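Coordinates in review
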Amino acid sequence: MKKILSFILAFAAVSSMAVSALAQEPLSGEKAKAGLSLGADEETEKTVKDLLTPGEDYEFPIYITDEEGKTQQIQEEHLEGYRLRVESKDGKDGLESIKVEEGRNGYVLEVETQSGWPTEQTEFTGVLKMVKKTNGQSLYTTDLQLTVGYGQIEDSALTGVKNGEYVYIEENAPVITKSQMKKLENYANGKKVTFTDGDWTFEVRVSGQDAVNMLNNQRTIREVVEEFEGNNFKFVSFPAGPEFDFNGKMTIDVSEQMDEFDNFFVYRYYKGKLTKIDAKLNKNDETLSFETKKLGRFVITDKEIADGTVVEDGFGGETVKPSKPSTSTKPNPEMGAGVMNSGAAIATVLAAMAA
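Read on for a plain summary of the structure. None of the values given here were measured: they were computed from a predicted structure. (Residues numbered from 1 in each chain as written. Predicted model: local features only at pLDDT ≥ 70, side-chain atom pairs only at ≥ 80, totals over all residues. Heavy atoms only, no water.)

Quick look at helix H2 (residues 178-187) now. Among the residues of H2, Gln180, Met181, Leu184 and Glu185 are the ones counted as buried. Viewed end-on, H2 has its buried residues packed into an arc of 150°, placing them on one side of the element. Buried-residue contacts for H2 involve strand S10 (167-168), strand S11 (175-176), strand S12 (193-196), strand S14 (212-213) and strand S16 (243-253). (Buried < 20%, exposed > 50% of the residue type's maximum accessible area, 1.4 Å probe, protein only. Helix = DSSP H or I, 4+ residues; strand = E, 2+ residues; numbered from the N terminus. Arc of directions from axis to C-beta. Contact = heavy atoms within 4.5 Å.)

Before going further, it helps to examine a negative patch on the surface. A cluster of acidic residues, Glu43, Glu56, Asp57, Glu59, Glu96 and Glu112, forms a negative patch on the protein surface. Its location among the elements puts Glu59 in strand S3 (residues 57-65). (Patch = residues over 30% accessible without salt bridge, like charges linked within 9 Å, V, L, I, M, F, W, Y side chains within 5 Å. Areas by Shrake-Rupley, 256 points an atom, 1.4 Å probe, with all protein chains shown as cover. Salt bridge = Lys/Arg side-chain N within 4 Å of Asp/Glu carboxyl O. Lys, Arg positive; Asp, Glu negative; His and termini not counted. Charge placed at Lys NZ, Arg CZ, Asp CG, Glu CD.)

Turning our attention to the sheet that holds strand S21 (residues 297-301). The strand order across the open sheet built from 5 strands is S15-S21-S17-S18-S22, with neighbouring strands paired in antiparallel fashion. Each edge of the sheet is formed by a strand with only one pairing partner; in this case those strands are strand S15 (233-237) and strand S22 (309-310). Note that strand S17 (residues 265-270) and strand S18 (residues 273-277) share 5 bridges and pair antiparallel. Across the sheet, residue Tyr267 finds its bridge partner in S18, namely Lys276. (Pairing = 2+ DSSP bridges.)

On to the environment of Val212. Of note, Val212 is situated in strand S14. Separated by 29 residues in sequence, Val212 and Gly241 place their C-alpha atoms 8.8 Å apart.

What follows is about the nonpolar core. Of all hydrophobic cores here, the largest spans 33 residues; its most connected members are Val167, Ile176, Leu184, Phe195, Trp200, Met214 and Phe244. If you list the elements that add at least two residues to this core, you get H2, S12, strand S13 (200-204), S16, strand S20 (287-294) and S21. Ignoring sequence-local partners within four residues, the contact set of Met214 consists of Ile169, Pro174, Ile176, Phe195, Trp200, Phe238, Pro242, Phe244 and Leu295. Judged by nonpolar contacts, the second largest core, of 22 residues, contains Val48, Tyr58, Leu84 and Val111. (Core = buried A, V, L, I, M, F, W, Y, C linked by side-chain atoms within 4.5 Å.)

And the structure:
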């Protein structure tokens, strides 16, 4: 019975991988209509219909379906006498660039989104055309509609505040709108609301609060580590730097550092400078807590650093692309807890069944 169950689970896992792989190309069933279509970005598996993350590069394979219904990624030979062209209808809000390039396996629509941590989503509308080189006449066209930004938390995730529950911030939906803040204020009867991702909590009043993007991560701040090689560190960062109207209490779990750190010092890292924060260690709860209105890049270390130390001159501020990931074994909130590639997932399942 165990062998049968093991086979079924393994087969299901492999099948799901196959379905995922097939989803990256246009489906072939009935005879397809002649024209252009776009596949999924190989690295992220996102399509042009998905919400695109700011500060990322995407390559969407461009497919052509001929009059006989055969679909394949466009190659150089398909463009003999023709060219591919992108036309914008409403400007390029949210995009650094959008253009056609020749990729490894054929032609792709290369999209680079603008960096930043906005609370609102922006849309790009345009058209991809295959036109004759001689007179610009269109052979095939396909509409483009791209949305760039961060996901908004679901309203259903807020109602637990009525019963004193926390608002959990997920990596794929870190934005809380102004109208949602009003709902939270009503649910909490004007009292403080607690936000969390499981590693930290932030307790604050939200009366009159504007929208915030609470995207967060535990990525290593490379320049800080390189400057203080003898220190141990933990990092908690909010790249968007969300600011609240009232002082709130930030509490960070340091249970994994209790045996490793002899002392705890907390700093805010902003524009290349470390500013010391007055934080309290609760040994029973194994947490650090401090008061703040603005969330940003917080540095926790075991050796004191002089207040106001400049790590990088001319540093451009907090709005930079993330540094390399931390070597911590804890799940990285920015990558999503429990995310693993398909091969690793299958190996884990099989190993568990063998045990």
